[in-house]
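# Fold and contact review
The chain contents come next:
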2 protein chains.
Amino acid sequence: MGSTGGRRERLRAETTAEIKQVALKLMATGGPDAITLRAIAREMGMTANAIYGYFATRDDLVTMLINEVYTALADAVDAAWAEAPAGHAAGRIQTWARAFRDWALANPEGFRLIYGDPVPGYQAPEGGAAPDAAHRVCTGIAALADAAWPHARHLYAHGDFQWSDFDAGLLDKVRPAFPDLPPAGVALALRIWGHLHGLVSLEIYGHLHTQTINPGKLFQEELTQLVRSLGIDSKE
Amino acid sequence: MGSTGGRRERLRAETTAEIKQVALKLMATGGPDAITLRAIAREMGMTANAIYGYFATRDDLVTMLINEVYTALADAVDAAWAEAPAGHAAGRIQTWARAFRDWALANPEGFRLIYGDPVPGYQAPEGGAAPDAAHRVCTGIAALADAAWPHARHLYAHGDFQWSDFDAGLLDKVRPAFPDLPPAGVALALRIWGHLHGLVSLEIYGHLHTQTINPGKLFQEELTQLVRSLGIDSKE
DNA sequence: TGAGGAGACTATACGGCGTGAAGTTTGCTG
DNA sequence: CAGCAAACTTCACGCCGTATAGTCTCCTCA
């Protein structure tokens, strides 16, 4: 059996990485539709079929790309959250949300890959393509809700949400991280996610552009109202 | 020159309608990806090239389908709005929003067609494929905002939105219909659209499903909080 | 009435796609 | 050095959109 550091394995890992990198470059250039095995192979000086040695099918490759890109998004928003001063709940929340939108605007193709119909015939595997990264993003929003919960609880605690309403994999991450956040807080987090996703998604897909000249202003208003709706008074 | 009711024209109109109908059937069966000229032709006992007599290109056909489907959505939510009792602002708003989600759940492929990357290589014409239907939907949400504005104005009138922030085509519809709604009210309408679109979109694309067992409950909570955020007290 | 023309449709072809089967080269291992 | 497995190519199939050229049918008008 080959040792873990063998030349063969190293070359294989390098080629795998190159395939993914070329695929991401193609996506950035021509959108998710440009991710074709033949185009990747062309770019690498290979035959399309050679890629089957690394990925059983094109969908497997796309799934891996989704994981990669989704993780990059999660990293970006996590970093923004970590950098913002922990004292200011309102500022931290707005920083997180702005990082979310900024990442999407900077990587529209990646956003489409994660959240849209990614590639022509692509069919996501059961449970979604990247549940881990999705849970990471959701956990990030749960952090927003957790930070706001002391102010917001009297507004949202009324709901009749149960732990059983939510996905176990998500709760495995959220409950240990935020022991004081009740089910209603998780529901609040998911709603906030929906709000931000909706505005950004409409913008990325060009639907907002036919309504308003100024999506950024609309998003800023959203953030202002978000903080207010969380019961946080401070202007920032 | 052929008269307007000639046999030729009638046959032509019928064939055009059949193409669109078959395309919609294929979409309902196999998703937007299933809309291929060859599949349509196969279903109709024709050659794929025959369709070029009716649509210059596949994208033209898709654009027409988007218009058709988008109009169906607009009809559905308009009807829900018209049927709900005009007196109860809260009930009317919730009815509208529920109609929006119900239509999306009943026509997920249509929703994807309208709001997602529709079909493999499809490139929407400038200004979006169906600005009219989009404006109709937005006008519908503006009606929500207008109905709520007496309660909501003290919460949202502060913003510094101008008429010039919005698309002229949208304002052509909104301003005559709701003369009392200021720019801040239109911004509110777009934000509400974003909120609802986000939750429904996450649900349709399967991202919510990996977080919560019960998207309907989450949406109901959204509606409750929406009405509250509009300053409407009444439970319904 | 019969010729001309327009419109509807087919046949053929090209290049691109994902993918399966079979064959060939390369390099490690015993 | 023999053998083997991994990496890669070649060929093939059926799908796609679409361009070009040809055929058939029916309407119109002299």
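Structure shown above.
The structure contained in this document is the topic of the report that follows. (Residues numbered from 1 in each chain as written. Chains lettered and ligands numbered in written order. Predicted model: local features only at pLDDT ≥ 70, side-chain atom pairs only at ≥ 80, totals over all residues. Heavy atoms only, no water.)

### Digging into the interface of chain A and chain B
Let me state the cut-off plainly: Should any heavy atoms of two residues lie within 4.5 Å, those residues are considered in contact. In this description, buried area is defined as the sum, over both parts, of the accessible area (probe of 1.4 Å) that is lost when the two are combined. Salt bridge, as used here, is a side-chain nitrogen of Lys or Arg placed within 4 Å of a carboxyl oxygen of Asp or Glu. Here a polar contact means two N or O atoms within 3.5 Å. Within protein one must be a hydrogen donor candidate and the other an acceptor candidate, and residues neighboring in sequence count only if both atoms are side-chain atoms. By the criteria applied, helices consist of DSSP H or I runs no shorter than four residues and strands consist of E runs no shorter than two, each listed in order from the N terminus.
At the interface, 50 residues of chain A touch 49 residues of chain B. Contact with chain B buries area across many residues of chain A, yet D117, R191 and Q211 of chain A alone supply 17% of it, more than any other trio. Run the count over chain A and chain B and you get four salt bridges. Counting the contacts that link chain A with chain B gives 21 residue pairs in polar contact (both at pLDDT 80 or more). At the level of secondary structure, the elements contributing two or more residues to the side of chain A that touches chain B comprise α5 (108-115), α6 (131-156), α8 (183-204) and α9 (215-229) of chain A. It is α8 of chain A that provides the largest number of residues to the side of chain A that touches chain B, a total of 11 residues.

### What to know about the relation of the copies chain A and chain B
Rule in force here: Only residues with pLDDT of at least 70 in both copies contribute their C-alpha atoms to the least-squares superposition of the copies.
Each copy superposes on the other: chain A lies on chain B with an RMSD of 0.1 Å after a rotation of 180° and an axial shift of 0.0 Å. Taken together, the turn and the small shift mark the pair as related by a two-fold rotation axis. Closest approach to the rotation axis within chain A is made by the C-alpha atom of G198 of chain A, at a distance of 1.6 Å.

### Brief notes about the protein's contact with DNA strand C
Just so we agree on the cut-off: Nearness is defined per residue: one heavy atom within 4 Å of the molecule or strand is enough. Charged residues are taken to be Asp, Glu, Lys and Arg, nonpolar residues to be Ala, Val, Leu, Ile, Met, Phe, Trp, Tyr, Cys and Pro, and polar residues to be all remaining types, Gly included.
In the vicinity of DNA strand C, 19 residues are found, and the nearest of them are R38, R42 and N49 of chain A together with N49 and Y54 of chain B. Backbone atoms, meaning sugar plus phosphate, form 57% of the atoms of DNA strand C positioned within 4 Å of the protein. Contact between DNA strand C and T36 of chain A: a phosphate oxygen at 3.2 Å from a side-chain N or O atom of the residue. R42 of chain A has a polar side-chain atom sitting 2.6 Å from a phosphate oxygen of DNA strand C. Elements supplying a minimum of two residues to the surface near DNA strand C: α1 (7-30) and α2 (37-44) of chain A together with α1 (7-30) of chain B. Looking at the surface near DNA strand C element by element, the count peaks at three residues for α2 of chain A. Across the surface near DNA strand C, the residue classes break down as five nonpolar, six polar and eight charged.

### As for the packing of aromatic side chains
The condition that has to hold: Pairing of aromatic rings covers Phe, Tyr and Trp, the last counted by its six-membered ring, and requires centre-to-centre distances within 6.5 Å; plane angles under 30 degrees mean stacked, over 60 mean edge-to-face, and any other angle means tilted. We count a charge as sitting over a ring when the NZ of a lysine or the CZ of an arginine lies within 6 Å of the ring centre and within 35 degrees of the ring normal.
Taken as a whole and judged by the stated rule, the model has 10 aromatic pairs over all chains. Aromatic rings pair up to connect Y70, W96, F100, F111 and Y115 of chain A into one cluster. The aromatic ring of W81 of chain A is capped on one face by R92 of chain A, whose charged end is 4.1 Å from the ring centroid. Lying across the ring of W163 of chain B, R175 of chain B places its NZ or CZ 3.9 Å from the centre.

### Some thoughts on empty space enclosed by the protein
Residue and element names in this part refer to chain B. Our working rule: Computed over the protein atoms alone on a 1 Å grid, cavities are sets of points where a 1.4 Å probe fits but cannot get out and pockets are open sets with protein on both sides within 12 Å along at least five of seven lines; a residue lines them when it has an atom within 4 Å of a point. Grid points are joined across faces, edges and corners, and a volume is the space filled by probe spheres set on the points.
Within this structure, the stated rule accounts for four cavities of 30 Å³ or more. Of the volumes computed, that of the second largest cavity is approximately 50 Å³. Residue lining of the second largest cavity: C138, I141, A142, L170, V174, V186, A189, L190 and W193, and that is the complete set. Listed by contribution, the elements that provide at least two residues to the lining of the second largest cavity are α6 (131-156), α7 (168-177) and α8 (183-204). With four residues, α8 is the single largest residue contributor to the lining of the second largest cavity. Here the lining of the second largest cavity is built from residues that sort into nine nonpolar, no polar and no charged.

### Notes on the side chain of T139 of chain A
Within the fold, T139 of chain A resides in helix α6. Among all residues touching T139 of chain A, those that are not within four sequence positions of it are L170, K173, V174 and F178 of chain A.

### Some details on the protein's contact with DNA strand D
What surrounds DNA strand D is a group of 19 residues, the closest being N49 and Y54 of chain A together with R38, R42 and N49 of chain B. Among the atoms of DNA strand D close to the protein, meaning within 4 Å, 55% are from sugar or phosphate groups. A distance of 3.1 Å separates a phosphate oxygen of DNA strand D from a polar side-chain atom of T36 of chain B. Where the surface near DNA strand D is concerned, the elements lending two or more residues are α1 of chain A together with α1 and α2 (37-44) of chain B.

### Section: α6 of chain B
Just so we agree on the cut-off: A helix is expected to span 1.5 Å multiplied by its residue count minus one. At any given residue, the bend is defined as the angle formed between two axes, one fitted to the seven residues that end at that position and one fitted to the seven that begin there.
Under the 1.5 Å per step criterion, the end-to-end length of α6 of chain B is only 27 Å for 26 residues, more than 12% shorter than the ideal 38 Å. A bend of about 85° at W149 of chain B is the largest found in α6 of chain B, and the proline P150 of chain B appears one to four places after it.

### A closer look at the environment of R228 of chain B
Inspection of the secondary structure puts R228 of chain B in helix α9 (residues 215-229). For R228 of chain B and A90 of chain B, which are 138 residues apart along the polypeptide, the C-alpha to C-alpha distance reads 8.9 Å. With residues up to four places along the chain from it excluded, the contact list for R228 of chain B reads L155 and H158 of chain A.

### Quick notes on the packing of α8 of chain A against α9 of chain B
In plain terms, the rule: Note on geometry: axes are C-alpha line fits, over the in-contact stretch for helices, and angles between N-to-C directions span 0 to 180 degrees. For this classification, under 35 degrees means roughly parallel, over 145 means roughly antiparallel, 65 to 115 means roughly perpendicular, and everything else is oblique.
Relative to each other, α8 of chain A and α9 of chain B sit at 80°, their axes nearing to 10 Å. Accordingly, the angle class assigned to the pair α8 of chain A and α9 of chain B is roughly perpendicular. Residues A187, L190, R191 and H195 of chain A of α8 of chain A pack against L218, E221, E222 and Q225 of chain B of α9 of chain B.

### Describing the pattern of salt bridges
Filter applied, for reference: Buried means the residue's accessible area, taken with a 1.4 Å probe over protein chains only, is under 20% of the maximum for its type, while exposed means over 50%, and partly exposed covers the values in between.
Counted under the stated rule, the structure contains 16 salt bridges over all chains. The shortest N-O distance in the salt bridge between D165 of chain A and K217 of chain B comes to 2.8 Å. In this pair, D165 of chain A is assigned in the loop between α6 and α7 (168-177) and K217 of chain B in helix α9, connecting two distinct chains. Among the residues examined, K217 of chain B registers a relative accessible area of 21% and is labelled partly exposed.

### A few points about the side chain of R101 of chain A
Residue and element names in this part refer to chain A. Looking at the element boundaries, R101 is found in helix α4 (residues 89-106). Looking at R101, the relative accessible area reads 13%, which means it is buried. Within the structure, the side chain of R101 is placed 2.9 Å from the side chain of E203, a separation counted as a polar contact. In this view, R101 contacts V200, E203, P215, G216 and F219; residues no more than four positions away in its chain are not counted.

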